[in-house]
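One letter stands for each residue in the lines below.
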Amino acid sequence: MKKEYLEAGKIVTTHGIRGEVKIMPYTDTPDLLAEFDRLFIGKNKDELIITRSRVFKNTVIAKIEGVDTPEAAEKLRNKMLYMHRDDLELDDDTYFIQDLIGLEVRDADTDKVYGKIADVLETGANDVYVIKGEDREYLIPAIADVVVSTDIDNNLMTIRPLEGLFD
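Keep in mind that this is a model prediction, so the values were computed, not measured. (Residues numbered from 1 in each chain as written. Predicted model: local features only at pLDDT ≥ 70, side-chain atom pairs only at ≥ 80, totals over all residues. Heavy atoms only, no water.)

## Here we look at the packing of aromatic side chains
- By the definition in use, this model includes two aromatic pairs.
- With centroids separated by 5.0 Å and ring planes inclined at 65°, the aromatic side chains of Y5 and F40 adopt a geometry described as edge-to-face. Of this pair, Y5 sits in strand β1 (residues 5–15) while F40 sits in strand β3 (residues 38–41), placing them 35 residues apart in sequence.
- Summarising the aromatic geometry, the rings of Y114 and Y138 are spaced 5.3 Å apart at their centres and angled 75° between planes, so their arrangement reads as edge-to-face. (Phe/Tyr/Trp six-rings, centres within 6.5 Å; stacked < 30°, edge-to-face > 60°. Helix = DSSP H or I, 4+ residues; strand = E, 2+ residues; numbered from the N terminus.)

This is how it looks when you write it as structure tokens:
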């Protein structure tokens with residue numbers, strides 16, 4: 001089942017004297033996180049309005065509406081931030097990692113079940129899916145030659161392993 005809220009980052013410290021916070025992004029790039037006008041915080045997913053934000057090194061410095069002092073910002077330290085799924089549009093064949101974890105992986109030709117996706121390694125050239133089977137672990141490249149289909153709604157990925165991939 002798709003999660004309505006996705007982890008976007010964590011407030012790691014305060015910044016300056018105007019109540020800004022420094023956020024460690026969990027997104028692909030800090031630039032992506034800096035684009036959001038709203039985020040959600042904590043277990044209750046309370047809405048926060050972001051009045052301005054900018055990238056600073058590999059973090060995001062954000063000004064949150066109603067947080068105007070370092071003391072108020074300090075109360076938010078170590079809080080998890082979330083984005084609403086509907087606030088971000090993905091390209092076709094692009095998925096949230098959280099949606100891929102737990103998908104069952106089957107062979108497109110034999111219907112053999114290899115296991116479930118346990119992790120996604122971001123290698124640069126292409127992602128690599130870590131599949132945990134009953135008796136072994138498989139690593140498969142997230143490329144069109146291998147991944148035949150990804151059906152998040154039915155919790156299933158079908159693959160066609162390249163020759164020698166699992167040998």
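## Things to note about the environment of Q98
- Structurally, the position occupied by Q98 is in helix α3 (residues 97–100).
- Note on Q98: relative accessible area 29%, which makes it partly exposed.
- Counting along the chain gives 37 residues from Q98 to D135, while the straight-line C-alpha distance between them is 24 Å.
- Setting aside residues up to four positions removed in sequence, Q98 forms contacts with K3, L6 and E7. (Buried < 20%, exposed > 50% of the residue type's maximum accessible area, 1.4 Å probe, protein only. Contact = heavy atoms within 4.5 Å.)

## Some words on the sheet that holds strand β10 (residues 137–141)
- Read from one edge of the open sheet, six strands run β10-β9-β8-β7-β12-β11, paired in mixed fashion. Of all strands in the sheet, those bounded by a partner on one side alone are β10 and β11 (147–151). Here the average twist between neighbouring strands, direction ignored, is 30°. (Pairing = 2+ DSSP bridges. Axes fitted to C-alpha atoms, helices over the stretch in contact; angles between N-to-C directions.)

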